[in-house]
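Single-letter residue listing:
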Amino acid sequence: MNALTLRAVGHAFFGRTVLDGIDLAVATGEIVALVGPSGCGKSTLVHIAAGLVEPSRGQVARGYRQHGMVFQEPRLLPWAKARDNIAYPLRISGPRRAERRRLAEAAAERVAFAAEDLDKYPAELSGGMRQRVAIARALVGEPDFLYFDEPFTALDVALKRRMQDLVIEAARKARFAALFVTHDLAEAARIAHRIAVLDAGGRGIAGFRALPGAPGERDARLLFDLVQHFEHADALFRHIHDVDERRIA
Amino acid sequence: MTEAILDRLGRLGRFFWSGWAGLAGLSLLAALWQAGHEAYGDFILPAPAATLRAAWDLLAEPKHWDIALATIRRAMQGFALAAALGTATGLAAGYSPATMRIARPLLTILIGVPPIAWIVLAMIWFGSTDGTIATTVVVAAAPVVFVGAAEGAATRDRSLDDMARVFGASALFRLRSIGLRHVAAHLFPALALALGSAIKVAVMAELLANTGGIGGALASARANLDIAAALAWVLLAVGALIMLEYGVLHPIRAEFERWREAARPWGVKR
């Protein structure tokens, strides 16, 4: 049983087709990185998979129990303290207040968010800390599937690596499956078991590349070689850095 | 626990301390008033100190308390109704563009008809009763609340809504945990404005409808050419508004907006 299966999914905004004929399966415990040039519909695809957008065509079969999501922006409630932001999904599913508090603190610890900052409001936190809160919020309900929609694009290189390590570590411990959207091949190579490349026009998945070894076990040399190979020798990734400004909006 | 209490005491202290600035502004007004008094004499403009004393004397008599409380009661009836009506319809309009399109022209008409006309109509419908005052207040105050609520609901952060949906929040839970919090930021200034106009309109309606209250007292002060009493009653009406706004509305607002305090840079707050 796959954790997630998309069959012939297509979508159109106001009659303009942005996605068509997407077939994608994510196995239980597998992390799939979804890459593609800017504006090819990666975000839309993830929103469809997570149930935020109803696809115009095709089916989405979710074989997992519960999902969480980390967005490109942290999307924290500005009026709630970090602790309450982390605990937000628990307010929906319903454990008691004391239990919520304990789980939120545990989730904060998993993403190395300092306990003394839990009583701060998002406005008092730095960008990296806010994104940590967003990851903790996604993890707090113990989901077995996670969606990442270019979550670290706005962070600097060092912080980005640190966050990627957090996700790899959390995935190893909690054994969740994930669909990780990124346009950064190095990020995809570090974090995923498998890379899926979306067609530049959103017409289907152009191809898959399995990555050697497990996430977190690949050393810098291997990652560098992988990315070099993808960028210069692999035809599948030829259009990955194309930017069509008209389609970004 | 003690930390929470200390935090609360600190905020309360800051709230009262900020009163000095308000007092300074009022003193400036009093100085201008005093200058006017010295230029034009007692008959046109009694001195602020004398007016304050006259207001104090008015309050010494229990029957005057009844007069002032009657006005406050009517204004609050109208205000409560306007707040409930305006918030409910404003939310509906903010969430549904079709409702907004229907409500806009109605709002223009409601705002366009002068309050005086409403007082005349309400007097015909309800006679010289509390109903006349409350109706006029509702008509004057509800549009402001409506616009505040609608603006708040229409400008809500949809990305937060999506976030909540991903985690499985129902529409009602999203409204409660995200929508209303956002609306509150737009609603409170509108409520403060509505409260002010509630008292103003109530006094005016009382004067015209001859139904007692502060308006009625003003009418008899005018008949007796008693400028000191008229000014004293105006002072009392303003005092009531200040009490309601700073005693009720602002503390509630401060409770809702604690995070904004945190977002401000260190140093001078408010």
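Residues numbered from 1 in each chain as written. Chains lettered and ligands numbered in written order. Predicted model: local features only at pLDDT ≥ 70, side-chain atom pairs only at ≥ 80, totals over all residues. Heavy atoms only, no water.

## Let's talk about the interface of chain B and chain A
Piece 1. Contacts between the two partners involve 19 residues from chain B and, on the opposite side, 21 residues from chain A.
Piece 2. Approximately 2,000 Å² of surface area, both sides summed, lies buried where chain B meets chain A, with 72% of it carried by carbon and sulfur atoms.
Piece 3. When the buried surface of chain B facing chain A is broken down by residue, B:Val166, B:Phe167 and B:Trp259 rank first, second and third, together holding 35% of it.
Piece 4. There are zero salt bridges connecting chain B and chain A. (Contact = heavy atoms within 4.5 Å. Buried area = accessible area lost by both parts, 1.4 Å probe. Salt bridge = Lys/Arg side-chain N within 4 Å of Asp/Glu carboxyl O.)

## Quick word on the domain arrangement of chain B
Residue and element names in this part refer to chain B.
Piece 1. Under the domain assignment, chain B is made up of domain 1 (1-42) and domain 2 (46-257).
Piece 2. Just the C-alpha atoms count here: the centres of domain 1 and domain 2 sit 23 Å apart.
Piece 3. If you look at the interface, domain 1 gives eight residues, while domain 2 gives ten residues.
Piece 4. Summed over both sides, the interface of domain 1 with domain 2 buries roughly 760 Å², with 61% coming from carbon and sulfur.
Piece 5. When the area that domain 1 buries against domain 2 is broken down by residue, the three leading residues are Phe15, Trp33 and Asp42, summing to 58%.
Piece 6. Our enumeration of links across domain 1 and domain 2 arrives at one salt bridge. (Domains from an automatic or database assignment.)

## Quick look at the pairing of strand E3 (residues 31-35) of chain A
All names here are of chain A.
Piece 1. Of all five residues making up E3, five are buried, and the element is well covered by its neighbours.
Piece 2. A two-sided burial pattern is seen for E3, the buried positions comprising Ile31, Ala33 and Val35 on one face and Val32 and Leu34 on the other.
Piece 3. Relative to strand E7 (residues 177-181), E3 runs parallel, the two sharing four bridges. When the bridges of E7 are listed, Leu34 appears paired with Val181.
Piece 4. Of the strand pairs in this sheet, E3 and strand E8 (residues 194-198) are connected by four bridges, and their pairing is parallel. Within E8, the residue paired with Ala33 across the bridge is Ile195. (Buried < 20%, exposed > 50% of the residue type's maximum accessible area, 1.4 Å probe, protein only. Helix = DSSP H or I, 4+ residues; strand = E, 2+ residues; numbered from the N terminus. Pairing = 2+ DSSP bridges.)

## Quick look at the sheet that holds strand E4 (residues 57-62) of chain A
Residue and element names in this part refer to chain A.
Piece 1. With antiparallel pairing, the three strands of this open sheet are ordered in space as E2-E1-E4. Pairing within the sheet leaves two strands with one partner each, and these edge strands are strand E2 (16-27) and E4. Sheet twist, expressed as the mean angle between neighbouring strand axes with direction ignored, is 15°.
Piece 2. Taken together, the five bridges between strand E1 (residues 2-13) and E4 define a ladder with antiparallel strand orientation. What sits directly across from Leu4, in E4, is Arg62.
Piece 3. Its contacts with the sheet place helix H1 (residues 42-49) against E1, E2 and E4, and it is angled at close to 125° to E1. (Axes fitted to C-alpha atoms, helices over the stretch in contact; angles between N-to-C directions.)

## Let's talk about the pairing of E8(A)
Residues and elements named next belong to chain A.
Piece 1. Where burial is concerned, most of E8 is hidden: five out of the five residues are buried.
Piece 2. Of the two faces of E8, the one carrying Arg194, Ala196 and Leu198 and the one carrying Ile195 and Val197 are both buried.
Piece 3. Sheet topology places E8 next to strand E9 (residues 205-210); five bridges connect them, and they run antiparallel. Each residue of the ladder has a partner; that of Ala196, found in E9, is Phe208.
Piece 4. What sits between the antiparallel neighbours E8 and E9 is a turn of six residues, in which Gly202 has the positive phi angle 75°.

## Brief notes about the packing of helix H4 (residues 62-95) of chain B against helix H7 (residues 130-154) of chain B
Residues and elements named next belong to chain B.
Piece 1. Closest axis-to-axis distance for the H4/H7 pair is 6 Å, and the angle between their directions is 30°. Between H4 and H7, the interaxial angle falls into the category roughly parallel. Along this stretch, H4 crosses H7, giving a crossing that reads as right-handed.
Piece 2. Here the residues of the contact of H4 with H7 are counted per class, giving 21 nonpolar, seven polar and three charged. (Parallel < 35°, antiparallel > 145°, perpendicular 65-115°, else oblique. Left-handed = near helix turned anticlockwise from the far one by under 90°. Nonpolar A, V, L, I, M, F, W, Y, C, P; charged D, E, K, R; others polar.)

## Re the pattern of salt bridges
Piece 1. If you walk through the whole model with that rule in mind, you get 23 salt bridges over all chains.
Piece 2. Note that A:Asp165 and A:Arg190 form a salt bridge whose closest N and O atoms lie 2.6 Å from each other. Remark: A:Arg190 occurs in helix H7 (residues 185-191) and A:Asp165 occurs in helix H6 (residues 157-174); sequence separation between them is 25 residues.
Piece 3. You can call A:Asp165 partly exposed: its relative accessible area is 31%.
Piece 4. For B:Arg165, the salt bridge is made with B:Asp162, and the minimal N-O distance between the two is 3.2 Å. Taken together, the residues span about one helical turn, with B:Arg165 and B:Asp162 both in helix H8 (residues 158-166) at a distance of three residues.
Piece 5. Assessed through its relative accessible area of 33%, B:Arg165 is described here as partly exposed.

## Focus on the side chain of A:Gln131
Piece 1. One can find A:Gln131 in helix H5 (residues 127-139).
Piece 2. The buried category is assigned to A:Gln131, whose relative accessible area is 3%.

## Some thoughts on helix H9 (residues 171-209) of chain B
For an α-helix, the turn length of 3.6 residues means that residues three or four places apart are oriented alike.
Piece 1. Compared with the 57 Å implied by 1.5 Å per residue over 39 residues, the 46 Å span of H9(B) between its first and last C-alpha is markedly short.
Piece 2. Considering bend angle alone, the principal kink of H9(B) is centred on B:Gly179 and spans about 40°. (Expected span 1.5 Å × (residues − 1). Bend = angle between axes of the 7 residues up to and from the residue.)

## A look at the confidence of the model for chain B
Low pLDDT means the predicted coordinates in that region are not meant to be read closely.
All names here are of chain B.
Piece 1. Averaged over every residue, the pLDDT of chain B is 89; residues scoring 70 or more account for 98%.
Piece 2. Within chain B, helix H12 (residues 258-263) has the poorest average pLDDT of any element, 76, and H8 the best, 94.
Piece 3. The complex model carries a pTM of 0.82, and its ipTM stands at 0.88. (pLDDT = per-residue confidence, 0-100.)

## Observations regarding the layout of surface pockets
All names here are of chain B.
Piece 1. Its boundaries defined by the atoms lining it, the largest pocket holds a volume of some 1,100 Å³.
Piece 2. Around the largest pocket, the lining comprises 27 residues; the ones closest to its centre are Asp7, Arg11, Arg14, Arg258 and Glu261.
Piece 3. Per-element tally for the lining of the largest pocket: the top contributor is helix H1 (residues 2-17), with eight residues.
Piece 4. Broken down by class, the residue content of the lining of the largest pocket amounts to eight nonpolar, one polar and 18 charged.
Piece 5. Summarising the domain contributions, the lining of the largest pocket has at least three residues from each of domain 1 (1-42) and domain 2 (46-257). (1 Å grid on protein atoms, 1.4 Å probe; cavity = no way out; pocket = protein on both sides within 12 Å on 5 of 7 lines; lining within 4 Å. Points joined across faces, edges and corners; volume = space filled by probe spheres on them.)

## Describing helix H8 (residues 220-233) of chain A
Residues and elements named next belong to chain A.
Piece 1. Compared with an ideal rise of 1.5 Å per residue, which puts 14 residues at 20 Å, H8 spans 19 Å between its outermost C-alpha atoms and is within 8% of the ideal.
Piece 2. Considered for burial, the residues of H8 that qualify are Leu223, Leu226, Val227 and Phe230. Buried residues of H8, seen end-on, are gathered within an arc of 90° and therefore sit on one face of the element. In H8, the exposed residues that point more than 90 degrees away from the buried face are Arg221, His232 and Ala233.
Piece 3. Of the surrounding elements, those touching the buried residues of H8 are H7, E8 and E9. (Arc of directions from axis to C-beta.)

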